[in-house]
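# Chain and residue survey
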Amino acid sequence: MAGQEGFEQPRKRTGATAARWSPAVEDEHALKALELFGNPADAAVQLPSRPESAAIARRLAQVVVLRHWGLSPKLAEDVILLVSELVGNAVRHTGARVFGLRTLRRRGWIRVEVRDPSRGLPCLMPVHELDVSGRGLYLVDKLADRWGVDLLPRGKTTWFEMRITDR
């Protein structure tokens, strides 16, 4: 849930077309990332604010969604894409040295959070068919059931949530 200063965007499921990264269930790189950086389902994982950290964050999300939570490859694919977008925004727009990645699960929902030290709010911009950049929050808005930003005393947490079917 969004904090007092935060905002959230409830969303209906709609189809969004985008090139997506397809995860392999048995990805040795993902397991290695988990070993090196920790499990974002246990505690926030600190990653360096560099472009290559997006790949690490995707791998961590893949391991959590597929192996630890046993959720569907389709859901994992969407989560991985949205993690990549939020991490890309944190790396490109905040000037931070590090950012945090956290994954949470509660009955019927998963939540992914990216925390950075900037209090600058992300902005959902209109997207045009031929745009080659600036689609990150558009994808989050279309694929996530809810998303938002919680302002913190030192920075913010940008998050998205997706409904899941508990077994």
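These notes cover the structure that comes with them. Being a predicted model, the structure only gives us computed values, none of them experimental.

### A closer look at the side chain of Lys156
Positionally, Lys156 belongs in strand 6 (residues 155–163). In this structure the side chain of Lys156 is engaged in a polar contact, spanning 3.0 Å, whose partner is the backbone oxygen of Gly120. Apart from residues lying up to four places away in sequence, Lys156 is in contact with Thr94, Val114, Arg115, Asp116, Ser118, Gly120, Pro122, Val149, Asp150 and Leu151.

### What about the packing of helix 2 (residues 53–68) against helix 3 (residues 73–93)?
Helix 3 packs onto helix 2 with a crossing angle of 150° between their chain directions and a minimal axis gap of 9 Å. In terms of axis orientation, helix 2 runs roughly antiparallel to helix 3. Relative to helix 3, helix 2 is oriented so that their crossing is right-handed. Listed contacts from helix 3 to Ser53, Ala54, Ala57, Arg58, Ala61, Gln62, Val65 and Leu66 of helix 2 are Pro73, Ala76, Val79, Ile80, Val83, Ser84 and Val87. Considered class by class, the residues forming the contact of helix 2 with helix 3 number 11 nonpolar, 3 polar and 1 charged.

### Some remarks on the pairing of strand 4 (residues 109–116)
Along strand 4, 7 of the 8 residues are buried, which leaves the element largely enclosed by surrounding structure. Note that strand 3 (residues 98–106) and strand 4 share 7 bridges and pair antiparallel. Residue pairing for strand 4: Arg106 is matched across the bridge by Trp109. In this antiparallel pair of consecutive strands, strand 3 and strand 4, the connection spans 2 residues, and Gly108 shows a positive phi of 85°. As defined by bridge partners, strand 4 adjoins strand 6 across 8 bridges and the pair is classed as antiparallel. Following the sheet pairing, Val112 is matched in strand 6 by Phe160.

### Regarding helix 3
Along its 21 residues, helix 3 runs 30 Å from first to last C-alpha, staying within 8% of the 30 Å computed at 1.5 Å per residue. Along helix 3, 17 of the 21 residues are buried, which leaves the element largely enclosed by surrounding structure.

### Some remarks on helix 2
Spanning 16 residues, helix 2 covers 21 Å between terminal C-alpha atoms, matching the ideal 22 Å at 1.5 Å per step. Within helix 2, 12 of the 16 residues are buried, which leaves it mostly tucked inside the rest of the structure. Listing the buried residues of helix 2 in full gives Ser53, Ala54, Ile56, Ala57, Arg58, Leu60, Ala61, Gln62, Val63, Val64, Val65 and Leu66. Along its buried surface, helix 2 packs onto helix 1 (28–37), strand 2 (45–48), helix 3 and strand 3. Downstream of helix 2 by one or two residues, Gly70 has phi in the positive range, about 65°.

Criteria and thresholds
Residues numbered from 1 in each chain as written. Predicted model: local features only at pLDDT ≥ 70, side-chain atom pairs only at ≥ 80, totals over all residues. Heavy atoms only, no water. Helix = DSSP H or I, 4+ residues; strand = E, 2+ residues; numbered from the N terminus. Polar contact = N/O pair within 3.5 Å; in protein donor to acceptor, adjacent residues only side chain to side chain. Contact = heavy atoms within 4.5 Å. Axes fitted to C-alpha atoms, helices over the stretch in contact; angles between N-to-C directions. Parallel < 35°, antiparallel > 145°, perpendicular 65-115°, else oblique. Left-handed = near helix turned anticlockwise from the far one by under 90°. Nonpolar A, V, L, I, M, F, W, Y, C, P; charged D, E, K, R; others polar. Buried < 20%, exposed > 50% of the residue type's maximum accessible area, 1.4 Å probe, protein only. Pairing = 2+ DSSP bridges. Expected span 1.5 Å × (residues − 1).

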